[in-house]
Amino acid sequence: MKFTKLVLFSVALNFVIIGFASAYYFVIPQVFFSLPEEIAMVYYKCTSCSAATDHAVSDFKAGNYKIINWGLFSGNSEKLITVSSILERDYNIKMFGGGCMPISEIDCYNNRMRQLLIKKYGNHFIGDAFRKAVKLNNGNIPPY
């Protein structure tokens, strides 16, 4: 009788553990744990490419300009003036690093946001910000 109760208890405990693990893996998007909050919120609102495009348009109209870059971070942002700080100061654009692996929905958001920003600021505003950051860093290439 004690052995049966022990087996039933361990089976029930395993189901509880599997349930929590499944909820963690399938219900809660991993982006909330691996990316900064600002990017996770963009990801949360961008459930499809069309939703991401619509969200970019609404953000643009509200003046919430965001660009997410993909790739590994390089450079020492504590000592150098970054491109993102120039964009935020001069254009009110927040630029974030999204990590190594691009997310297609956020790419749809980025593409539409960049189109709208290019229409507003011209084709070379990011290049201009990069050149200004290089100049302010005495020729050192800054991180994004």
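This text gives an overview of the structure that appears in the document. Please read these numbers as outputs of a predicted model, since none were measured by experiment.

About the thresholds
Residues numbered from 1 in each chain as written. Predicted model: local features only at pLDDT ≥ 70, side-chain atom pairs only at ≥ 80, totals over all residues. Heavy atoms only, no water. Axes fitted to C-alpha atoms, helices over the stretch in contact; angles between N-to-C directions. Helix = DSSP H or I, 4+ residues; strand = E, 2+ residues; numbered from the N terminus. Left-handed = near helix turned anticlockwise from the far one by under 90°. Contact = heavy atoms within 4.5 Å. Nonpolar A, V, L, I, M, F, W, Y, C, P; charged D, E, K, R; others polar. Disulfide = S-S within 2.5 Å. Buried < 20%, exposed > 50% of the residue type's maximum accessible area, 1.4 Å probe, protein only. Phe/Tyr/Trp six-rings, centres within 6.5 Å; stacked < 30°, edge-to-face > 60°. Salt bridge = Lys/Arg side-chain N within 4 Å of Asp/Glu carboxyl O.

**Description of the packing of helix α5 (residues 83-91) against helix α7 (residues 125-136)**
Next, step 1: Contact geometry for α5 and α7: axes closest at 9 Å, N-to-C directions at 115 degrees. Crossing of α5 over α7 shows right-handed handedness. Taking contact as the criterion, the partners of V83, I86, L87, R89, D90 and Y91 in α5 are, on α7, F125, I126, D128, A129, F130, K132, A133 and L136.
Next, step 2: A per-class count over the contact of α5 with α7 returns ten nonpolar, no polar and four charged.

**A closer look at the state of the cysteines**
Next, step 1: Under the defined criterion, the tally for this structure stands at one disulfide.
Next, step 2: In this model, C49 is linked to C108 through a disulfide, with the two sulfur atoms separated by 2.0 Å. Its S-S torsion of approximately -100 degrees makes the covalent link between C49 and C108 left-handed. Taken together, the positions of C49 in helix α4 (residues 49-62) and C108 in helix α6 (residues 104-121) put the pair 59 residues apart, joining distant regions of the chain.
Next, step 3: The structure places no disulfide on C46, whose sulfur is separated from the nearest cysteine sulfur, that of C108, by 8.4 Å.
Next, step 4: Taking relative accessible area as the criterion, C46 reaches 2% and is therefore assigned buried.

**With respect to unusual backbone geometry**
Excluding glycine, residues mostly carry a negative phi; peptide bonds, for their part, are mostly trans.
Next, step 1: Look at N92: it is not a glycine, yet its phi comes out positive at around 60 degrees.
Next, step 2: Among the structural elements, N92 can be located in the loop between α5 and β2 (93-97).
Next, step 3: For N92, a relative accessible area of 45% gives the class partly exposed.

**Structural notes on the packing of aromatic side chains**
Next, step 1: Inspection of every chain in the model, using the stated rule, returns five aromatic pairs.
Next, step 2: With a centroid separation of 4.8 Å and 70 degrees between ring planes, the pair formed by Y91 and Y121 is classed as edge-to-face. Of this pair, Y91 sits in helix α5 while Y121 sits in helix α6, and the two are 30 residues apart along the sequence.
Next, step 3: Judged by its relative accessible area of 27%, Y121 falls in the partly exposed class.

**Quick notes on the pattern of salt bridges**
Next, step 1: Across all of its chains, the model carries four salt bridges by this definition.
Next, step 2: Put simply, K66 and D59 hold a salt bridge, and the shortest N to O gap is 3.8 Å.
Next, step 3: K66 sits in the buried class, given a relative accessible area of 12%.
Next, step 4: For D59, a relative accessible area of 8% corresponds to the buried category.
Next, step 5: Its salt-bridge partner being R131, residue D128 comes within 2.7 Å of it at the nearest N-O pair. Residue D128 and its partner R131 are located together in helix α7, separated by three residues, close to a single helical turn.
Next, step 6: Exposure remark for D128: the relative accessible area of 37% places this residue in the partly exposed category.
Next, step 7: One connected set of salt bridges, linked through shared partners, spans R89, D90 and K132.

**Focus on the environment of N140**
Next, step 1: Locating N140 in the fold gives a position in the segment after α7.
Next, step 2: Remark: the alpha-carbon pair of N140 and I81, spanning 59 residues in sequence, is separated by 9.6 Å.

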